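Given next are the chains, with one letter for each unit.
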Amino acid sequence: MIEINHVNKWYGPTFQVLKDCTTSVAKGEVVVVCGPSGSGKSTLIKCVNALEPIQGGDITLDGVKVNDPKTDLPKLRSRVGMVFQHFELFPHLRIIDNLRLAQEKVLGRKSDDATAKGMKLLERVGLKDHAKKFPAELSGGQQQRVAIARALAMDPIAMLFDEPTSALDPEMISEVLDVMVDLAREGMTMMVVTHEMGFANKVADRVIFMDRGEIVEDAKKADFFGTPRSDRAQKFLSKILQH
Amino acid sequence: MNYNWNWHIFLEPNPMGTGTYLDLLLSGLVVTVKVSVLAWIIALVTGSVIGVLRTLPSRTASWIGFCWVEFFRNMPLLVQLFLWFFVLPELLPRTAGLWLKQLPNAPFWTAAIGVGLFMSARVAVQLQAGITSLPRGQKQASTALGLTTVQTYRYVLLPMAFRIILPPLTSEFLNTIKNSAVAITIGLIELTGQARSMQEFSFQVFEAFTAATVLYLLLNFVVVTAMRFLERYVAIPGYITGK
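Residues numbered from 1 in each chain as written. Chains lettered and ligands numbered in written order. Predicted model: local features only at pLDDT ≥ 70, side-chain atom pairs only at ≥ 80, totals over all residues. Heavy atoms only, no water.

### Here we look at the interface of chain A and chain B
Each partner contributes residues to the interface: chain A has 24 residues there, and chain B has 23 residues. Taking both partners together, chain A and chain B bury about 2000 Å²; carbon and sulfur atoms supply 69% of that area. On the chain A side of the interface with chain B, the three residues burying the most area are Phe90(A), Pro91(A) and His92(A), jointly 27% of the side's total. Taken together, chain A and chain B are joined by zero salt bridges. Counting the contacts that link chain A with chain B gives five residue pairs in polar contact (both at pLDDT 80 or more). Residue assignment for the side of chain A that touches chain B shows that the elements contributing at least two residues are helix 2 (73-78), strand 6 (80-83) and helix 3 (95-105) of chain A. Taken together, the residues of the side of chain A that touches chain B break down into 14 nonpolar, three polar and seven charged. (Contact = heavy atoms within 4.5 Å. Buried area = accessible area lost by both parts, 1.4 Å probe. Salt bridge = Lys/Arg side-chain N within 4 Å of Asp/Glu carboxyl O. Polar contact = N/O pair within 3.5 Å; in protein donor to acceptor, adjacent residues only side chain to side chain. Helix = DSSP H or I, 4+ residues; strand = E, 2+ residues; numbered from the N terminus. Nonpolar A, V, L, I, M, F, W, Y, C, P; charged D, E, K, R; others polar.)

Structure (structure tokens):
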């Protein structure tokens with residue numbers, strides 16, 4: 001589904017954020033990307049739907065080359081859902097309108113259909129009663145669930161999560177993770193940048209560990225948590241698992 | 001000081017035969033309103049386009065925006081009006097220049113366009129500030145949903161940016177009204193112009209300009225009140241300036 005081949009990316013002339021990254025996410029697979037801050041994991045996931053350009057290598061999404069200038073990027077992006085660290089709901093639109101906007105403007109759905117679809121997804125994330133509210137009237141956890149529903153409303157073939165729980169208060173993390181776990185169990189293809197190792201342990205098929213722009217470890221979940229092969233991954237794990 | 005105060009002067013007939021002196025001032029007020037509203041529309045429309053250009057990643061776009069803003073804000077308004085009114089017709093080919101000079105109401109149109117373009121540079125900078133004050137993730141979220149750049153600006157960035165800059169835009173609207181008085185120098189008989197002609201006909205200089213002052217104050221008070229209502233109308237519940 002997602003193929004990342006020898007991807008290189010620089011910020012400016014000298015600073016290389018991604019160094020020869022190669023990995024893939026198969027259909028229905030859940031891949032967790034972790035690593036210390038500044039390791040390039042958020043950058044990598046943003047390259048998948050070309051929010052960030054790459055300077056070397058190739059990324060293919062469902063057979064379509066992302067970094068080909070001829071690719072219709074808006075169309076390609078509309079098929080991949082993305083969830084951000086800071087939710088990024090559109091503050092001037094009511095919750096239901098947040099879910100309707102891209103359905104109508106990008107997919108060309110009729111207003112009634114978009115509303116029906118939106119309400120169904122809001123019900124799924126347990127926020128049907130909040131449809132008429134504005135984003136600022138919801139808690140962080142609720143906003144992130146709306147953001148997930150907004151992405152799902154586009155009927156995506158895969159979902160990208162960029163640290164979806166990092167900006168949340170601890171008691172709100174689980175309500176977001178619950179939605180994500182359900183999604184994973186339904187067979188959604190997911191690439192998730194997160195530090196939630198419990199989530200990784202529960203639903204991930206593979207875990208990728210990044211450090212300084214490189215993919216240091218790319219292993220099956222059991223192997224990663226069992227015996228990570230690199231020193232750096234071991235150190236990282238011992239630090240975040242000790243509490 | 002030997003000055004004969006005469007507050008009844010406003011009810012005396014003016015020598016133009018167009019009614020009283022008050023009518024004279026009010027006809028000036030009408031011209032001020034017309035030229036200011038037209039100038040403000042020009043400023044808002046062109047200023048918005050230029051403001052958006054300044055935020056695009058394209059170098060050409062931001063270069064055009066830069067040139068526009070620096071050209072119109074770095075020259076005194078008076079000089080700009082002289083330029084459009086006296087110099088431009090001479091620079092054009094003979095027939096075009098003649099056509100321009102013979103335009104009916106030339107001072108009116110020159111003032112509206114001249115003040116409008118001068119103010120457009122200020123609107124552009126305000127809007128640019130409004131757009132760049134939005135979290136970067138807003139554009140990314142919109143792009144990730146498959147919206148095109150035009151749609152992103154139309155449905156996501158501009159609705160928020162304009163809400164944020166509404167208070168400073170109110171000031172710019174007031175500035176437009178006040179700047180329209182400069183048009184007296186190219187022969188537009190607006191409110192300040194009529195106050196001067198009243199002074200010349202009646203020698204009641206203090207009454208004339210007191211009345212003009214009051215009329216400007218009233219006009220600006222109407223604008224401030226209207227903008228305050230607009231601010232309240234578009235406020236987003238729970239968000240910064242929300243109700």
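Let's pick the thread back up.
### Things to note about the side chain of Glu52(A)
Mapped onto the elements of the fold, Glu52(A) is located in the loop between helix 1 (41-48) and strand 4 (56-61). There is a polar contact of 3.5 Å between the side chain of Glu52(A) and the side chain of Lys9(A). Here Glu52(A) is in contact with Lys9(A), Tyr11(A), Lys46(A), Cys47(A), Arg136(B) and Gln140(B), once residues within four sequence places are set aside.

### Section: the packing of aromatic side chains
Residue and element names in this part refer to chain B. In total, this model carries 15 aromatic pairs over all chains according to the counting rule given. Ring centres of Phe72 and Trp84 lie 6.4 Å apart, and the angle between their planes is 40°; on these two criteria the pair is classed as tilted. Of this pair, Phe72 sits in helix 2 (residues 59-73) while Trp84 sits in helix 3 (residues 77-91); the two residues are twelve residues apart in sequence, bridging distant segments of the chain. Grouping aromatic residues by their ring pairs yields a cluster made of Tyr3, Trp5, Trp7, Phe10 and Phe206. (Phe/Tyr/Trp six-rings, centres within 6.5 Å; stacked < 30°, edge-to-face > 60°.)

### Some thoughts on the pattern of salt bridges
Residue and element names in this part refer to chain A. Under the counting rule described, the total for this entry stands at 18 salt bridges over all chains. Here Asp62 makes a salt bridge to Arg79, at a shortest N to O gap of 2.7 Å. Of this pair, Asp62 sits in the loop between strand 4 and strand 5 (64-65) while Arg79 sits in the loop between helix 2 and strand 6; the two residues are 17 residues apart in sequence, bridging distant segments of the chain. A residue is classified by how much of its surface remains accessible, and Arg79, at 29% relative accessible area, is partly exposed. Across the pair Arg232 and Asp211 runs a salt bridge, and its minimum N-O distance is 3.2 Å. Placement of Arg232 in helix 9 (residues 231-241) and of Asp211 in strand 9 (residues 206-211) is noted, with a sequence separation of 21 residues between them. Judged by relative accessible area, Asp211 falls into the buried class, the value being 10%. Among the ionic contacts, a cluster of salt bridges with common partners joins Glu29, Arg206 and Asp218. (Buried < 20%, exposed > 50% of the residue type's maximum accessible area, 1.4 Å probe, protein only.)

### Observations regarding the pairing of strand 3 (residues 30-34) of chain A
All names here are of chain A. Among the five residues that make up strand 3, five are buried, leaving the element largely enclosed by the rest of the structure. On strand 3, burial covers both faces: Val30, Val32 and Cys34 on one face and Val31 and Val33 on the other are all buried. Here strand 3 runs beside strand 8 (residues 190-193); their pairing, made up of four bridges, is parallel. The residue of strand 8 that forms the bridge with Val31 is Met191. Across four bridges, strand 3 lies against strand 9 in parallel orientation. (Pairing = 2+ DSSP bridges.)

### Quick word on the sheet that holds strand 1 (residues 2-11) of chain A
All names here are of chain A. Here four strands make up an open sheet; going across it, the order is 2-1-4-5 and the pairing antiparallel. Each edge of the open sheet is held by one strand with a lone partner, namely strand 2 (15-25) and strand 5. Two elements, strand 1 and strand 2, share seven bridges in a ladder whose sense is antiparallel. Looking at the pairing, Tyr11 lines up with Phe15 of strand 2.

### Considering the sheet that holds strand 3 of chain A
All names here are of chain A. Sheet architecture is open: six strands sit in the order 6-7-8-3-9-10, paired in mixed fashion. Among the strands making up the open sheet, the edge pair consists of strand 6 and strand 10 (214-220). Looking at each pair of strands side by side, their axes are set apart by 15° on average, direction ignored. Each of strand 6 and strand 7 (158-162) touches helix 5 (residues 140-152); the most contacted strand, strand 6, lies at about 170° to it. Across the face of the sheet, helix 6 (residues 170-185) comes into contact with strand 3, strand 7 and strand 8 while running at roughly 150° to strand 8. (Axes fitted to C-alpha atoms, helices over the stretch in contact; angles between N-to-C directions.)

### Some words on the UniProt feature "domain: ABC transporter" (unreviewed entry) in chain A
As recorded in UniProt, the sites labelled "domain: ABC transporter" (unreviewed entry) are residues 2-237 of chain A. Between the end C-alpha atoms of residues 2-237 of chain A there is a gap of 26 Å, over a span that is 37% helix and 25% strand. (UniProt positions renumbered as here; feature names shortened; annotations may be inferred.)

### Quick notes on the nonpolar core
Ile2(A), Ile4(A), Leu160(A), Met191(A), Leu25(B) and Met198(B) are the most contacted members of the largest nonpolar core, which totals 90 residues. Excluding anything up to four places from it in sequence, Ile4(A) contacts Cys21(A), Thr22(A), Thr23(A), Leu44(A), Val48(A), Asp58(A), Ile59(A) and Met191(A). Listed in part, the 49 residues of the second largest apolar core include Val32(A), Ile95(A), Ala147(A) and Ala184(A). (Core = buried A, V, L, I, M, F, W, Y, C linked by side-chain atoms within 4.5 Å.)

### Some words on the environment of Tyr11(A)
All names here are of chain A. Locating Tyr11 in the fold gives a position in strand 1. Classification of Tyr11 as partly exposed rests on a relative accessible area of 35%. Sequence separation between Tyr11 and Ile54 is 43 residues; the distance between their C-alpha atoms is 9.8 Å. Every residue in contact with Tyr11, bar those within four places of it in the chain, is listed here: Val17, Thr43 and Glu52. One polar contact links Tyr11 to Glu52, side chain to side chain, over a distance of 3.4 Å.

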